[in-house]
Amino acid sequence: MAGFRDRDKRHFPLTDSGSVVALFREQIEGPNDPNLALLSITLGCIENALTMNRAIPAAEEAALLRPIFPVVDLETVEALYAKFETLVRGSVDLTEYKSTFSSRELVKKISDVVWSSLSRSFKDKAHLQSLYSFLTGNKLDCFGVAFGVVAAAQILGCDDIHLALSEDHAWVVFGEDGTDTAEVTWHGKGNEDKRGQSIALSVAEKSWLYFNGQPVICTRATEVAAMVSAANPSINLTMDSIEMGALQQELLWLLHDKGHLSRYPMALGNLGDLEEISPTPGRPPPLQIFQEAISVAIKHYNNHHVYPYTYMGGYLYRKRRYKEAIKCWAEASNVIRKFNYTREDEEIYKEFLEIANELIPNIVKAVSLNTTDRVQMNILYNPEVYADILRFYDGICEWEEGSSTPVLHVGWAQHLTFSLNKFDPRTRAKIDVAKDEDSDSDSDKESNDENDNQNGKSQKEKGESGVKTGSLKNKDPKEALSVVVEDLKKEE
Ligand SMILES: FC(F)(F)Cc1cc2c(N3CCN(c4nnc(C(F)(F)F)s4)CC3)ncnc2s1
């Protein structure tokens, strides 16, 4: 059984980040599977010490010469581990579940064990993702519940139960070939939880939330990567714990070097962000890490992940490399157009709303004010940039087409016209929005329902109930945009 081994105990007490990395390294290197509960309790204990109740500003703390990195005693971790093991083993009678592989009933039972221990307080605070939070405060966020179920499954010896991750949701896979799926946590606000159900129906909706069937399926080592990635160094809205960020960064490099981020674009994105904050000597620059995330998404997930492009776009925007940032956002839009927008896709909706209604307008404002900088200024004379903004909007229009919920509203049109009108008219005339044969959206918007292809109903016809907005593909850009703007104004 997973349990605490002497070789694990040898690392304690943990006194600095090096000793934590050594523990994680030995756990990951094997020969046994890494012990998720042991590592999550340990990492959560450190995060709690470094980010909670840090009332005194760091400067004064340093003046007091108070050691910042907490000492993690074996007793503390062992006691919490024993509490988790007692809860899990005491609640699940495995003799009731005969088969070699886990059943949906067993998965639901494990989910119920975690679920029923939770306090009712609101769950979208920070630092609620680890078993330390669960065992000391009975609080977990959406990810934390899913992770807790997998950690509990490991203690029960259910080695076929693994974490499945999309960009804004988590569930589990299990069974003989690891393709059975089950909801084990809730999602978003005000949505009834669907725990115990398979996710097949939700995937059929072609929603971004379920990735249209391209989630990150974890191994025990990738589950460690998820735990590390979900760690949160923030002390409050304006301050991060440098020590916690550095520890997270070191652990992500350890996992990266062992190949455990090679199918996990979001963890690579997290690492790129950490490298921007504090570059590690001898390691690749952030852009290269973001590029690696994009390559992984293209290679392993049929380019169905949005975040690799918004990680890179955000970085380029912060570096004032506006032309390249806008290209990334056009690529992000090229991903989302493959999906149908559903009401549980709010997180990614907010991402595109911020790009369209804040970031791009800020760029066109900045470059039209800053006439001295020739490089920046000529963005408004660059047909490629203009075309990328049109592609960005066209992808959002396609995302909306055939969806049950509208995406665009007149606010979008106001920012759209503001941004586009800043471009020189001659530039706008220069671009040729040719109908791009092979990327005809019908084929991209895979319809999981074979019937549509058989009776030739395209995605658009199929989405009869969906919202209709003009796609820019077949029209002259100015005419197309006036169609979109008029449509939106009608809704006002
Ligand atoms: F499990 C859920 F439900 F929480 C879904 C997951 C989220 C997530 C993540 N995130 C989410 C995306 N995220 C982003 N931060 N910045 C982003 C970008 F907009 F800059 F791209 S995306 C923070 C890290 N990082 C590693 N793994 C996961 S699994």
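This text goes with the structure placed above it.
A. Molecular detail of the pairing of strand β1 (residues 162–165). Burial along β1 is two-sided: the face carrying His162 and Ala164 and the face carrying Leu163 and Leu165 are both buried. Pairing analysis gives 4 bridges linking β1 to strand β2 (residues 170–174), with the strands arranged antiparallel. Counterpart to Leu165 in the pairing with β2 is Ala170. Pairing of β1 with strand β4 (residues 216–217) involves 2 bridges; the strand directions are antiparallel.

B. The packing of helix α5 (residues 74–91) against helix α8 (residues 142–155), seen in detail. Orientation of α5 relative to α8, taken along the N-to-C sense of each, is 80 degrees, at an axis distance of 10 Å. With respect to α8, the element α5 is oriented roughly perpendicular. On α8, the residues that touch Tyr81, Phe84, Glu85, Val88 and Arg89 of α5 are Gly148, Ala151, Ala152 and Ile155. When its residues are assigned to classes, the contact of α5 with α8 shows 6 nonpolar, 1 polar and 2 charged.

C. Region of interest: empty space enclosed by the protein. For the coordinates displayed, the defined rule picks out 3 cavities of 30 Å³ or more. What the largest cavity holds in volume is close to 70 Å³. Taken together, Ser40, Leu43, Gly44, Glu47, Gln129, Ser130, Phe143, Phe147, Met227, Ala230 and Ala231 make up the lining of the largest cavity. Where the lining of the largest cavity is concerned, the elements lending two or more residues are α3 (36–51), α8 and α10 (220–230). Examining the composition of the lining of the largest cavity, we find that 4 residues originate from one element, α3, more than from any other. Residue composition of the lining of the largest cavity, grouped by class: 6 nonpolar, 4 polar and 1 charged.

D. Expanded view of α8. For α8, spanning 14 residues, the distance from its first C-alpha to its last is 21 Å, which sits close to the expected 20 Å at 1.5 Å a residue. Along α8, 14 of the 14 residues are buried, which leaves the element largely enclosed by surrounding structure. With its phi angle positive at about 80 degrees, Gly157 sits one or two positions after the end of α8.

E. Inspection of the site of the ligand at higher detail. Surrounding the ligand, one finds 15 residues, the nearest of these being His169, Tyr264, Thr310, Tyr311 and Glu351. Taking Tyr264, its side chain carries an N or O atom lying 2.6 Å from a nitrogen atom of the ligand. Between the ligand and Asn270, the relevant distance is 3.4 Å, taken from a nitrogen atom to a side-chain nitrogen or oxygen of the residue. In the complex, 76% of the free accessible area of the ligand, which totals 590 Å², lies under the protein chains. Mapped by element, the contributors of at least two residues to the shell around the ligand are α12 (265–277) and α14 (307–318). Its residues assigned to classes, the shell around the ligand shows 7 nonpolar, 5 polar and 3 charged.

F. View of unusual backbone geometry. The omega angle of the peptide bond from Phe12 to Pro13 is 0 degrees, so this bond is cis rather than trans. If you trace the backbone, Pro13 turns up in the loop between α1 (6–9) and α2 (17–29). Cis peptide bonds are those with omega within 30 degrees of zero, and the linkage from Gly30 to Pro31 qualifies with 10 degrees. One non-glycine residue, Asn138, adopts positive backbone phi at about 50 degrees. Mapped onto the secondary structure, Asn138 falls in the loop between α7 (131–137) and α8.

What counts and how
Residues numbered from 1 in each chain as written. Predicted model: local features only at pLDDT ≥ 70, side-chain atom pairs only at ≥ 80, totals over all residues. Heavy atoms only, no water. Buried < 20%, exposed > 50% of the residue type's maximum accessible area, 1.4 Å probe, protein only. Helix = DSSP H or I, 4+ residues; strand = E, 2+ residues; numbered from the N terminus. Pairing = 2+ DSSP bridges. Axes fitted to C-alpha atoms, helices over the stretch in contact; angles between N-to-C directions. Parallel < 35°, antiparallel > 145°, perpendicular 65-115°, else oblique. Contact = heavy atoms within 4.5 Å. Nonpolar A, V, L, I, M, F, W, Y, C, P; charged D, E, K, R; others polar. 1 Å grid on protein atoms, 1.4 Å probe; cavity = no way out; pocket = protein on both sides within 12 Å on 5 of 7 lines; lining within 4 Å. Points joined across faces, edges and corners; volume = space filled by probe spheres on them. Expected span 1.5 Å × (residues − 1). Near = heavy atom within 4 Å. Polar contact = N/O pair within 3.5 Å; in protein donor to acceptor, adjacent residues only side chain to side chain. Areas by Shrake-Rupley, 256 points an atom, 1.4 Å probe, with all protein chains shown as cover.

Everything listed here is a matter of geometry and, on its own, says nothing about what the molecule does.
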